[in-house]
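A look at the structure
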Amino acid sequence: MGTGPDTGTAPSTGEDGSSTAVVDSSGGSDDTTSTTGAATECGNGVVEPGEVCYGEPIYVDAGMAPGDVILVDLDDDGVLDLVSANVGSADHTVAFGVGDGTFGEGQSLLGGGGTRGVAAGDFDGDGNIDLAGANQFTHYVALYFGEGEGAFSAQMPVGAGERPRQVRVADLDGDDDIDIVALNEDSADVSVLLGDGTGAFAPSVESGVGPQPFGLEVADVDGDRIPDVITANEGENTVSVLYGNGDGTIADEVRIEVADGPRNVVARDVDGDGNTDLVAACFDSGIVSVVPGDGAGGFAPYVPLPVGKAPYAVAVADMNSDGELDLVTVNNSSGEVSILVAQEGDVPYAVEVPFSIGLNPLAVDVADLNDDTVPDMAIAAAGANVVTILLSDP
């Protein structure tokens with residue numbers, strides 16, 4: 001498996017092959033006018049605030065039906081690598097970055113049934129990145145220990161709840177060792193597994209969340225520097241927030257209303273007030289719900305932002321170099337990614353012209369892959385058995 005030679009069709013293509021999607025303050029599409037009013041020219045190599053420029057998609061072969069993707073430096077060479085979780089083939093694809101935004105031939109790590117989620121961290125303190133995979137058709141999380149230079153051990157299962165579909169890592173008890181949180185769909189709870197720094201984990205402790213949880217986030221939302229746990233509950237149109245106690249335990253959930261069908265949630269300060277907010281991709285309603293936080297664990301009613309059809313996942317980053325955080329959604333029904341650009345005024349975001357990325361996209365990660373200071377996108381396109389890479393082209 002490796003980077004495929006074929007590229008897809010971008011929404012608007014200039015003579016240099018770059019795709020351009022820059023929106024003016026009225027919401028219309030214009031190749032030279034940005035939300036900031038600055039003149040822009042894609043492909044000139046100059047990062048100009050306000051421009052949104054991406055090239056043709058690059059397809060990296062994955063296993064069958066990738067459901068999650070992360071970008072992380074696995075071999076300590078300063079270049080980001082790619083790991084997908086492939087639900088159809090029950091494995092992970094690991095592809096090492098070249099440094100220009102492309103990836104070498106992938107290797108497969110055997111997972112459990114329905115490998116759906118993946119996270120990375122140094123679980124055993126040896127300086128090598130390890131991986132954790134959530135296996136939806138099992139009751140365990142699979143651990144893969146890094147052995148240096150990008151090699152990994154065979155999987156070691158650790159118990160979780162029923163049908164774990166996502167996994168995150170954080171230090172929940174303040175001992176500087178990595179702990180694991182798994183989201184369990186069928187048992188409607190989260191499992192906390194506390195690590196001892198040697199690669200061993202205590203038996204999981206479960207805490208209930210809302211019905212049919214799909215998405216998982218771990219972040220400090222109340223400003224006490226202790227990680228909290230957040231889930232997106234599709235069965236009830238809510239997100240659950242479980243505040244960390246600092247000793248590895250988490251408090252009972254607090255549920256917060258969002259739009260219909262939340263599939264994934266992230267926690268970032270999107271409005272620039274210094275408080276962590278929640279952003280949920282709401283599949284059934286075609287809405288991204290932005291839930292403003294007050295910095296003390298309280299939240300205001302959600303603000304609905306219309307996006308493309310069936311948004312499945314969301315990421316947050318400054319996509320146009322203007323110093324403001326923008327939103328990125330993968331829209332499942334249309335096979336597109338939308339960029340919601342932050343702007344001044346009563347309407348906080350303008351929706352960019354979408355970029356085509358492949359069938360049935362389920363996840364997105366954002367990072368600078370080609371060293372031009374502008375975030376690039378990696379999208380798990382389950383229907384095409386690929387991870388789609390969109391590289392910025394300023």
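Residues numbered from 1 in each chain as written. Predicted model: local features only at pLDDT ≥ 70, side-chain atom pairs only at ≥ 80, totals over all residues. Heavy atoms only, no water.

Attention now moves to the pairing of strand β33 (residues 386–390). With five of five residues buried, β33 lies mostly within the body of the structure. Neither face of β33 is open: one carries V386, T388 and L390, the other V387 and I389, and all of them are buried. In this sheet, β33 lies alongside strand β3 (residues 58–61) in antiparallel orientation, the contact comprising four bridges. Bridge assignment links D61 to a residue of β33, and that residue is V386. With antiparallel pairing between neighbouring strands as the criterion, strand β32 (residues 376–381) and β33 make up a hairpin whose turn holds four residues, including N385 at a positive phi of roughly 60°. (Buried < 20%, exposed > 50% of the residue type's maximum accessible area, 1.4 Å probe, protein only. Helix = DSSP H or I, 4+ residues; strand = E, 2+ residues; numbered from the N terminus. Pairing = 2+ DSSP bridges.)

Here we come to the sheet that holds strand β14 (residues 164–170). Within the open sheet, the four strands sit side by side as β14-β15-β16-β17. Their pairing is antiparallel. On the outer flanks of this sheet lie β14 and β17 (205–208), each paired with one strand and no other. The average undirected angle you get between the axes of adjacent strands in this sheet is 25°. Inspection of the sheet shows strand β16 (residues 189–193) paired to β17 by four bridges, in the antiparallel sense. (Axes fitted to C-alpha atoms, helices over the stretch in contact; angles between N-to-C directions.)

Here we take up the sheet that holds strand β5 (residues 81–86). On the basis of which strands lie adjacent, the open sheet formed by four strands has the order β4-β5-β6-β7 and antiparallel pairing. The open sheet terminates on both sides in strands that have one partner only, identified here as β4 (66–72) and β7 (107–110). This sheet shows a mean twist of 20° between the axes of neighbouring strands, independent of strand direction. Pairing of strand β6 (residues 91–95) with β7, which is carried by four bridges, proceeds in the antiparallel orientation. Bridge pairing in β7 places H92 opposite L109.

Attention now moves to the pattern of salt bridges. Oppositely charged side chains can form a pair if their charged atoms are brought close together. In total, this model carries six salt bridges according to the counting rule given. Residue E185 pairs with R163 through a salt bridge whose shortest N-O separation is 3.9 Å. Taken together, the residues span a long stretch of sequence, with E185 in the loop between β15 (179–184) and β16 and R163 in the loop between β13 (156–159) and β14 at a distance of 22 residues. With relative accessibility at 24%, the residue R163 sits in the partly exposed group. One salt bridge connects D186 with R163, and the closest N-O pair in it is separated by 3.2 Å. Taken together, the residues span a long stretch of sequence, with D186 in the loop between β15 and β16 and R163 in the loop between β13 and β14 at a distance of 23 residues. What you see here is one network of salt bridges that share partners, running through R163, R165, E185 and D186. (Salt bridge = Lys/Arg side-chain N within 4 Å of Asp/Glu carboxyl O.)

Moving on to the packing of aromatic side chains. Under the defined criterion, the tally for this structure stands at three aromatic pairs. Between the aromatic rings of F123 and F201, the centroid separation amounts to 5.8 Å while the plane-to-plane angle is 80°, which identifies the pairing as edge-to-face. Taken as a pair, F123 in the loop between β8 (115–121) and β9 (130–135) and F201 in the loop between β16 and β17 lie far apart in primary sequence, 78 residues in all. For F123, a relative accessible area of 1% translates into the label buried. Residue class for F201 comes out buried when judged on its relative accessible area of 16%. An angle of 85° between the planes, with centres 5.9 Å apart, marks the rings of F283 and Y312 as edge-to-face. (Phe/Tyr/Trp six-rings, centres within 6.5 Å; stacked < 30°, edge-to-face > 60°.)

These figures capture arrangement, not role.
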